[in-house]
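Residues per chain are reported as follows:
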Amino acid sequence: MKKLINDPQDVVTESVEGFGLAHADIVRVQLDPVIVTRAGGAVAGKVGLVSGGGSGHEPLHAGFVGVGMLDAAVPGQVFTSPTPDQILPALAAADAGAGVLMVVKNYTGDVLNFETAAELADADGITVRQVVVNDDVAVEDSLYTAGRRGVAGTVAVEKIAGAAAERGDDLDAVAAVAQRVVDNVRTMGLALTACTVPHVGRPSFDLGDDEIEIGIGIHGEPGRHRVGLESADALTEKLLTPVADDLGLTRGDRVLLLVNGMGGTPASELYVVYRRARALLGERGVEVTRSLVGNYVTSLEMQGASVTVLRLDDELTTLWDAPVHTAALRW
């Protein structure tokens, strides 16, 4: 294992500390317990937005703390859910009197720990709602979850819900628009290589030089099935087709198309995937009106990509376009 780390047990703390130093104009970092909050603190009267999960998926979630997205992020150890006593101070930090929405990816540990933290927050007088992201069409059940996993569609949920909170929507309205995104977003990914968790020291699964894992998760889980090496266009079709079918896309639909890198794939290859995914949507009569390409929800150094499609309407488009200023997303 070759990684730019010191002690494997200190990776998350040292990484978050460096992140805070690099983006001190946007975030504040607390190291005991580890949480990342919006610089300047909670905005009076605004609904707070909190998310989190295991580290190793950077820039998710800390990279999306800032104006127009999250008020706080809770990074657990690599591929490990944060604990309730870590989540609770993030909820408190994000609360400015209007309540807090938790955006939780559908992994058993995340769901249980965030729900426990919400109960503790309620006892402290903080009103909390939760939306669970489950956009991965590859599997119904995995090593880490009951039901579909939450993957790259989380970016759209956090961006759009964050914009709704920023414009002054109340807690019920922010939760409702977040759920609308969850209901209309789907993702599927593939891996060219496995990733290596620092404290494990070996790849999470074995993959031959001429093999591709289709339908992988973001924790290094193996996928739906394994295929031989094929062209980028053929592999992209294997990702886009089940996503579009599951969404029930029809001619005239408008969508956001996100091609997400898993950490080790160059941008040039992601744009090759985007090119084919957009063409396939065009063949269905679906109009791509918004796009995002890059590394947003990664799996350490895994080589691979995922394709996410969000069905848009006028309001979701307006909220996607709303100003955002975070370390990883800004316009």
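For the structure itself, look to the data block above.
Here's a quick rundown of the structure. (Residues numbered from 1 in each chain as written. Predicted model: local features only at pLDDT ≥ 70, side-chain atom pairs only at ≥ 80, totals over all residues. Heavy atoms only, no water.)

Moving on to the pattern of salt bridges. Evaluated as defined, the whole model comprises 23 salt bridges. With its nearest N and O atoms 2.8 Å apart, the salt bridge here joins Asp71 to Lys46. Here the residue Asp71 occupies a position in the loop between strand S4 (66-67) and strand S5 (72-78), and Lys46 occupies one in the loop between strand S2 (34-38) and strand S3 (48-55), the gap between them amounting to 25 residues. What makes Asp71 buried here is its relative accessible area of 4%. Residue classification places Lys46 among the buried residues on the basis of a relative accessible area of 7%. Through salt bridges with shared partners, a single ionic network connects Arg167, Asp169, Arg180, Asp313 and Glu315. (Salt bridge = Lys/Arg side-chain N within 4 Å of Asp/Glu carboxyl O. Helix = DSSP H or I, 4+ residues; strand = E, 2+ residues; numbered from the N terminus. Buried < 20%, exposed > 50% of the residue type's maximum accessible area, 1.4 Å probe, protein only.)

Here we take up helix H3 (residues 108-123). Its 16 residues place the ends of H3 23 Å apart at the C-alpha level, agreeing with the 22 Å of an ideal helix rising 1.5 Å per residue. Within H3 the residues assigned to the buried category are Asp110, Val111, Asn113, Phe114, Ala117, Ala118 and Ala121. Looking at the buried residues of H3, the elements they touch are S3, helix H2 (84-94), strand S6 (100-105) and strand S7 (128-133). (Expected span 1.5 Å × (residues − 1). Contact = heavy atoms within 4.5 Å.)

Looking at the element boundaries, Thr265 is found in the loop between strand S11 (254-261) and helix H7 (267-283). At a separation of 2.7 Å, a polar atom in the side chain of Thr265 contacts the main-chain amide nitrogen of Gly304. Excluding its chain neighbours within four sequence positions, the residues that come into contact with Thr265 are Leu270, Asn295, Met302, Gln303 and Gly304. (Polar contact = N/O pair within 3.5 Å; in protein donor to acceptor, adjacent residues only side chain to side chain.)

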